[in-house]
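Descriptive analysis of the structure
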Amino acid sequence: QVQLVESGGGLVQAGASLRLSCAASGGTFRSYAMDWFRQAPGKEREFVAAISWSGGSTRYSDSVKGRFTISRDNAKASVYLQMNSLKPEDTAVYYCAAAKLGTVWATPNYWGQGTQVTVSS
């Protein structure tokens, strides 16, 4: 029903910036909250950021607050994650997710395949 495709991952040096994109199709994008999660090697999948259906509310994990910014463009059915001051600890597969309940606390219903972000020292 809903397809999510991430892009923008890559290999960068510590301190660099990267912008991830997620393109959605097959659903009512404007009504969904959108999230970013990540999973580092040997670690559990963790929440990174969320944005409400309207873009009026955002939520971030403590580890990325002040460095990452989530945004959305409903006209383009896309969500973005601007990542600044990247650290090696940010290395992970980053997943885009969509939640039918359009709040920043909603549990995702749909997931993308992920994009690899690697930050070297």
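It should be emphasised that the depicted structure is a prediction, and the values quoted were computed from it without experimental measurement.

Description of the environment of Val2
If you trace the backbone, Val2 turns up in the segment before β1 (3-7). Val2 sits 38 residues away from Ala40 along the chain, and the two C-alpha atoms are 25 Å apart. Leaving out residues up to four positions away in the same chain, Val2 has contacts with Ser25, Gly26, Gly27, Tyr32 and Tyr110.

A short note on the sheet that holds strand β3 (residues 18-25)
Here we have four strands laid out as an open sheet, ordered β1-β3-β8-β7, and antiparallel in their pairing. Of all strands in the sheet, those with a lone pairing partner are β1 and β7 (68-73), marking the two edges. Looking at each pair of strands side by side, their axes are set apart by 15° on average, direction ignored. Relative to strand β8 (residues 78-83), β3 runs antiparallel, the two being bridged by six bridges.

Regarding the packing of aromatic side chains
Counted by the stated rule, this structure contains three aromatic pairs. Between Tyr32 and Tyr110, the aromatic rings sit 6.3 Å apart at their centres with planes inclined by 40°, giving tilted as the arrangement. Note that Tyr32 is positioned in the loop between β3 and β4 (33-39) and Tyr110 in strand β10 (residues 110-111), a separation of 78 residues in sequence. What makes Tyr32 buried here is its relative accessible area of 9%. Taking the relative accessible area as the measure of exposure, Tyr110 reaches 17% and is therefore buried. Directly above the ring of Phe37 sits Arg45, whose terminal nitrogen or CZ lies 5.5 Å from the centroid. The cationic tip of Arg72 hangs over the ring face of Phe29; the distance from NZ or CZ to the ring centre is 4.5 Å.

Scoring rules and cut-offs
- Residues numbered from 1 in each chain as written.
- Predicted model: local features only at pLDDT ≥ 70, side-chain atom pairs only at ≥ 80, totals over all residues.
- Heavy atoms only, no water.
- Helix = DSSP H or I, 4+ residues; strand = E, 2+ residues; numbered from the N terminus.
- Contact = heavy atoms within 4.5 Å.
- Pairing = 2+ DSSP bridges.
- Axes fitted to C-alpha atoms, helices over the stretch in contact; angles between N-to-C directions.
- Phe/Tyr/Trp six-rings, centres within 6.5 Å; stacked < 30°, edge-to-face > 60°.
- Buried < 20%, exposed > 50% of the residue type's maximum accessible area, 1.4 Å probe, protein only.
- Lys NZ or Arg CZ within 6 Å of the ring centre and 35° of its normal.

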